[in-house]
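So the chains spell out like this:
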Amino acid sequence: MTMTSIILMIAYFLLAPFIGGLLEGVDRKISARMQRRVGPPLLQPFYDVIKLFSKQVIVVSRSQMFFLLSYMVLIIVTGLMFFAGMDILLCFFVMSTGATFLYFAAMVTSTPYSTMGGNRELIQMLAYEPAVLLTCVGFYLSEGTFDVGVIANSRVSSIVSLPGFFIAFVFILTIKMRKSPFDLSTSHHMHQELVKGLTTEMGARNLAIFQVTEWYENVFLMGVVGLYVINSTWWSVFIAVGVVLIIYFFEILIDNTSARVKWSEMVKLSWGVTALTAGVNLIILMVIK
């Protein structure tokens with residue numbers, strides 16, 4: 001492991017919550033402007049989390065804390081492995097395992113809203129996993145390796161040979177980040193029939209842990225977007241950051257201009273887009289190779 005990898009790991013562990021929180025603050029501010037509101041302060045997500053940690057803990061299920069901490073640890077490990085330049089396939093495997101613990105955290109309460117939200121979370125996993133798997137396959141076919149470090153130092157940006165895979169991954173980001181029209185399991189804006197879905201019975205520290213973990217996960221997901229763009233040249237880092245910010249703004253725009261769809265439509269759309277974009281790109285790569 002190189003010194004650069006160690007520095008990136010430390011930076012992710014320490015800075016990801018702050019970057020993720022700032023991104024959410026920007027999300028709330030831009031969303032408010034799109035709705036002709038002033039919106040909360042940019043640092044409001046941090047104020048909310050601090051307040052949640054100070055609230056009285058009312059236990060719904062004692063095992064929920066264990067599942068949420070497991071979820072947090074696995075997502076952090078996912079990001080650490082990614083920024084250390086390790087196997088991207090293993091990164092996504094650990095991320096999916098973490099998502100399973102989140103499902104358990106929702107289901108263990110045995111309440112109607114939380115249980116239904118947990119079931120919908122599983123459906124969302126079913127919808128985005130094909131695109132996630134194909135993302136790994138695309139990087140391997142393009143660069144001949146699953147190692148993030150090697151992919152990031154390639155001579156030409158991976159997006160040149162993987163435009164279809166990039167489109168498919170950006171599409172399922174809306175599902176993974178739980179934004180409309182695919183905010184089925186839980187809604188950040190509390191405008192759905194499930195109240196807050198799988199987080200309904202999460203309060204105080206438990207909800208704060210969930211929120212901070214989402215910040216870690218979003219930074220990792222944006223890192224994958226950047227991996228498509230970055231290459232061996234130093235200036236590609238700035239281009240990658242620019243692309244990440246554009247994609248994040250695109251996700252906010254979609255979130256504020258789309259009505260939530262049914263789970264069946266979500267699965268059809270995600271699989272259809274994945275097959276049309278990543279599938280065709282995969283066939284072209286296999287023919288060329």
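Calculation notes
Residues numbered from 1 in each chain as written. Predicted model: local features only at pLDDT ≥ 70, side-chain atom pairs only at ≥ 80, totals over all residues. Heavy atoms only, no water. Helix = DSSP H or I, 4+ residues; strand = E, 2+ residues; numbered from the N terminus. Buried < 20%, exposed > 50% of the residue type's maximum accessible area, 1.4 Å probe, protein only. Contact = heavy atoms within 4.5 Å. Salt bridge = Lys/Arg side-chain N within 4 Å of Asp/Glu carboxyl O. Patch = residues over 30% accessible without salt bridge, like charges linked within 9 Å, V, L, I, M, F, W, Y side chains within 5 Å. Areas by Shrake-Rupley, 256 points an atom, 1.4 Å probe, with all protein chains shown as cover. Phe/Tyr/Trp six-rings, centres within 6.5 Å; stacked < 30°, edge-to-face > 60°. Axes fitted to C-alpha atoms, helices over the stretch in contact; angles between N-to-C directions. Parallel < 35°, antiparallel > 145°, perpendicular 65-115°, else oblique. Left-handed = near helix turned anticlockwise from the far one by under 90°. Nonpolar A, V, L, I, M, F, W, Y, C, P; charged D, E, K, R; others polar. Expected span 1.5 Å × (residues − 1). Bend = angle between axes of the 7 residues up to and from the residue. Disulfide = S-S within 2.5 Å. Polar contact = N/O pair within 3.5 Å; in protein donor to acceptor, adjacent residues only side chain to side chain.

Visitor: Would you mind showing me how to read the environment of Phe165 here?
Guide: For Phe165, the location among the structural elements is in helix α7 (residues 163-176). Among the residues examined, Phe165 registers a relative accessible area of 1% and is labelled buried. Aside from chain neighbours lying at most four places away, what touches Phe165 is Leu134, Thr135, Gly138, Tyr228, Ala278, Asn281, Leu282 and Leu285.

Visitor: I'm lost on unusual backbone geometry in this one. Help?
Guide: In most cases, non-glycine residues show a negative phi, while peptide bonds are predominantly trans. Residues Ser180 and Pro181 are joined by a peptide bond in cis, for which omega reads 15 degrees. As for its position among the elements, Pro181 is in the loop between α7 and α8 (205-229). Unlike most non-glycine residues, Arg36 shows phi in positive territory, near 60 degrees. Here Arg36 is to be found in the loop between α1 (3-34) and α2 (44-54). One non-glycine residue, Arg178, adopts positive backbone phi at about 55 degrees. Note on placement: Arg178 falls in the loop between α7 and α8. Look at Arg178 and you get buried, because its relative accessible area is 3%.

Visitor: Help me understand the pattern of salt bridges in this model?
Guide: In a structure, side chains of opposite charge can pair up when their charged atoms sit close to one another. A complete count under the given rule lists seven salt bridges for this structure. One network of salt bridges, in which partners are shared, links Glu24, Arg28 and Asp48.

Visitor: Honestly, a nonpolar patch on the surface in this entry has me stumped. Any pointers?
Guide: A surface patch of nonpolar side chains, about 890 Å² in accessible area, is lined by Met3, Ile6, Ile7, Ile10, Phe13, Leu14, Leu15, Phe18 and Ile19. If you trace the backbone, Leu15 turns up in helix α1.

Visitor: Help me out: how do you make sense of the packing of aromatic side chains in this one?
Guide: Both the distance between ring centres and the angle between the ring planes are used here to describe each pair of aromatic rings. Per the counting criterion, the structure on display carries 20 aromatic pairs. Considering the side-chain rings of Tyr71 and Phe210, the 6.4 Å spacing of their centres and the 25 degrees angle between planes classify their relative orientation as stacked. Within this pair, whereas Tyr71 is found in helix α3 (residues 62-83), its partner Phe210 is found in helix α8, the two being separated by 139 residues in sequence. Accessibility expressed as a relative area gives 1% for Tyr71, which makes it buried. Given a relative accessible area of 5%, Phe210 falls into the buried group. Each residue in the set Tyr12, Phe82, Phe83, Phe92, Phe139, Phe166, Phe169, Tyr216, Phe220 and Tyr228 is aromatic and connected to the rest through ring pairs, giving one cluster.

Visitor: What is the right way to look at the packing of α3 against α8 in this model?
Guide: A pair of packed helices is characterised by two quantities: the angle between their axes and the separation of those axes. At their nearest, the axes of α3 and α8 sit 9 Å apart, and the two run at 20 degrees to each other. It follows from the interaxial angle that α3 and α8 lie roughly parallel. Crossing of α3 over α8 shows left-handed handedness. Looking at the contact of α3 with α8, its residues break down into 17 nonpolar, six polar and three charged.

Visitor: So what exactly am I meant to see when it comes to helix α5 (residues 112-143) here?
Guide: In an α-helix, one full turn covers 3.6 residues, which means residues spaced three or four apart are oriented alike. The end-to-end C-alpha distance of α5 is 46 Å, a good match for the 46 Å that 32 residues give at a rise of 1.5 Å each. Taken as a whole, α5 carries its principal kink of about 40 degrees at Tyr128; the proline Pro130 stands between one and four residues after it. Where α5 ends, the next residue or the one after it, Gly144, has phi of about 75 degrees, a positive value.

Visitor: Sorry if this is basic, but what is going on with the state of the cysteines here?
Guide: Structurally, a disulfide amounts to a covalent bond that connects the sulfur atoms of two cysteines. The full count for this structure, using the stated rule, is zero disulfides. Here Cys91 is not cross-linked by a disulfide; its sulfur's nearest cysteine counterpart is in Cys136, at 8.4 Å. Exposure remark for Cys91: the relative accessible area of 0% places this residue in the buried category. With a relative accessible area of 1%, Cys136 lands in the buried category.

Visitor: Explain the side chain of Glu217 to me, please; I cannot follow it from the model alone.
Guide: Within the secondary structure, Glu217 sits in helix α8. On the basis of relative accessible area, Glu217 is assigned to the buried category, the value being 2%. Within the structure, the side chain of Glu217 is placed 3.3 Å from the side chain of Tyr71, a separation counted as a polar contact. Once you skip the residues sitting within four places of it in the chain, Glu217 turns out to touch Tyr12, Tyr71, Ile75, Met95, Lys176 and Arg178.

Visitor: So what exactly am I meant to see when it comes to the side chain of Ser142 here?
Guide: As for its placement among the helices and strands, Ser142 is situated in helix α5. A distance of 3.2 Å separates polar atoms of two side chains, one belonging to Ser142 and the other to Glu143.

Visitor: So what exactly am I meant to see when it comes to the environment of Gly272 here?
Guide: Locating Gly272 in the fold gives a position in helix α10 (residues 263-288). Residue Gly272 is classed as partly exposed on the basis of its relative accessible area, which comes to 36%. Considering only alpha carbons, one finds Gly272 and Ala168, 104 residues apart in sequence, at a separation of 9.6 Å.

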